[in-house]
Amino acid sequence: MLAKQSYRMFVVLKFLSVCVWLLTLSGTTFGHENGPGVKVVVKEEGDAVLPCLISTKENIIRGIFDWKKDGQKEVFLYDAGIHYNNGRKGQDEQFKGRVSYFQDQLMNGNASIKIQNVKVTDSGNYSCIFPRLQPSQTFNSELVVERLLKDRSGEIPGASKSCITILDATKDRSLLQCEVRGASPEPKVEWKHSAGNILPAEEPQVSESGGRYDVTLDITVTKTGRYRCEVTQREISHQTFAETVVFISGDHQHQNGSSNAPTETPLV
């Protein structure tokens, strides 16, 4: 009984060793082909460097390497000095004019690339392939592009702008109203001073219809200065603001030459 179990274990180990040998012979290893080997995380509009360095560090100036996204899109192809940036055709439109390589590092087997001004749509799995190496080698990277919080009105439906109205003004105070219309999802609306400090305001008035939100937020200010109404919708990475300059004639601190006196700028 013990002899039969030993024999079965020998057969299984032999089979596994043959499988590993075949994978190595074809240039495929578990570390290269099963999922990304390196995860690169960058902010939207930044630059991303995707690493690719062959294990032998041999000179690849006269070699060929091919970068693909998600196994299909042509990102960058280099073939003995001919590539997409000097006349070669076939690059996917998504990457045209945004991908470069490190020419001075080719002699060290470095086929890394840099993608400029990355977009969220650039996120995905990238493969760097050396088809002529014996055995051939493939290196995988995962690129994750994180959204910036920025003005996306006109880019994403429901990303709304704000509008400021001066409802009432006396020599001692001004009543300001910030209005946001048609926002989706529901926005967070805040009043801020020019220094960026959040100011106490009245309760926001919110109405909803068909998944669209209208919001008004009033504030009474008693000092001369620049005031900003900021709208944030984090779910869609949208943030924008409107500004206004308020002059309070009874603000004696301002009249006496306060260093916080505002300078005129266009409204956003």
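My aim in this report is to walk through the structure given alongside it, one point at a time. The structure presented is a predicted model; accordingly, all values stated were derived computationally and were not measured. (Residues numbered from 1 in each chain as written. Predicted model: local features only at pLDDT ≥ 70, side-chain atom pairs only at ≥ 80, totals over all residues. Heavy atoms only, no water.)

**Brief notes about the overall build of the protein chain**
Piece 1. If you tally the helices and strands in the protein chain, you get three helices and 16 strands.
Piece 2. Within the span of the protein chain, comprising 268 residues, buried residues form 36% of the whole.
Piece 3. A separation of at least 24 residues holds for 60% of the contacts in the protein chain among residues at least 6 apart in sequence.
Piece 4. Of the roughly 15,700 Å² that the protein chain leaves accessible, carbon and sulfur atoms contribute 54%. (Helix = DSSP H or I, 4+ residues; strand = E, 2+ residues; numbered from the N terminus. Buried < 20%, exposed > 50% of the residue type's maximum accessible area, 1.4 Å probe, protein only. Contact = heavy atoms within 4.5 Å. Areas by Shrake-Rupley, 256 points an atom, 1.4 Å probe, with all protein chains shown as cover.)

**A look at the sheet that holds strand β12 (residues 188-193)**
Piece 1. Strand order across the open sheet formed by three strands is β12-β15-β16, with antiparallel pairing between neighbours. Lying at the two open borders of the sheet, with one neighbouring strand each, are β12 and β16 (238-246). With strand direction ignored, the average angle separating the axes of adjacent strands in the sheet is 20°.
Piece 2. Judged from the nine bridges that link them, strand β15 (residues 225-233) and β16 form a sheet pairing that is antiparallel. If you follow arginine 228 over to β16, its bridge partner there is glutamate 243. (Pairing = 2+ DSSP bridges. Axes fitted to C-alpha atoms, helices over the stretch in contact; angles between N-to-C directions.)

**Things to note about the state of the cysteines**
Piece 1. In total, this model carries two disulfides according to the counting rule given.
Piece 2. With its sulfur 2.1 Å from that of its partner, cysteine 52 forms a disulfide with cysteine 128. Between cysteine 52 and cysteine 128, the S-S torsion sits near -75°, and that sign places the bridge as left-handed. Placement of the pair is cysteine 52 in the loop between β2 (48-50) and β3 (64-69) and cysteine 128 in strand β8 (residues 124-130), with a sequence separation of 76 residues. (Disulfide = S-S within 2.5 Å.)

**Here we look at unusual backbone geometry**
Piece 1. Geometrically, the link from glutamine 134 to proline 135 is a cis peptide bond, its omega value of -5° lying close to zero.
Piece 2. Its place among the elements puts proline 135 in the loop between β8 and β9 (137-146).
Piece 3. Of the consecutive residues serine 184 and proline 185, the connecting peptide bond is found in the cis state with omega at 5°.
Piece 4. Mapped onto the fold, proline 185 is located in the loop between β11 (174-183) and β12.
Piece 5. Even without glycine at this site, lysine 57 takes up a positive phi of about 55°.
Piece 6. Take lysine 57: it is sitting in the loop between β2 and β3.
Piece 7. Look at lysine 57 and you get exposed, because its relative accessible area is 54%.

**Details of the nonpolar core**
Piece 1. Core analysis: the largest hydrophobic core is formed by 27 residues, its most contacted members being Phe65, Trp67, Phe76, Ile113, Ile115, Phe130 and Leu143.
Piece 2. Of all elements in the fold, only β1 (38-43), β2, β3, β4 (73-79), β6 (99-101), β7 (113-115), β8 and β9 reach the threshold of two or more residues within this core.
Piece 3. Once residues lying within four places of it in the same chain are set aside, the contact partners of isoleucine 113 are Ala48, Val49, Leu50, Trp67, Val75, Phe76, Val99, Ser100, Tyr101 and Phe102.
Piece 4. Formed by 15 residues, the second largest nonpolar core is a distinct cluster that contains Val180, Trp191, Val246 and Ile248. (Core = buried A, V, L, I, M, F, W, Y, C linked by side-chain atoms within 4.5 Å.)

**What to know about the pattern of salt bridges**
Piece 1. Inspection of every chain in the model, using the stated rule, returns 18 salt bridges.
Piece 2. Across the pair glutamate 146 and lysine 43 runs a salt bridge, and its minimum N-O distance is 3.3 Å. Here glutamate 146, found in strand β9, pairs with lysine 43, found in strand β1; they are 103 residues apart in sequence, far enough to count as distant.
Piece 3. Take lysine 43: its relative accessible area is 46%, and that puts it in the partly exposed class.
Piece 4. Residues lysine 69 and aspartate 70 are paired through a salt bridge, measuring 2.7 Å at the closest nitrogen-oxygen approach. (Salt bridge = Lys/Arg side-chain N within 4 Å of Asp/Glu carboxyl O.)

**A short note on the sheet that holds β7**
Piece 1. Ordered in space as β2-β7-β6, the three strands form an open sheet in which the pairing is antiparallel. Bordering the open sheet on either side are β2 and β6, each of which pairs with just one other strand. Neighbour-to-neighbour, the strand axes of the sheet open up by a mean angle of 25°, direction not taken into account.
Piece 2. Relative to β7, β6 is paired through three bridges, and the arrangement is antiparallel. Residue pairing for β7: serine 100 is matched across the bridge by lysine 114.

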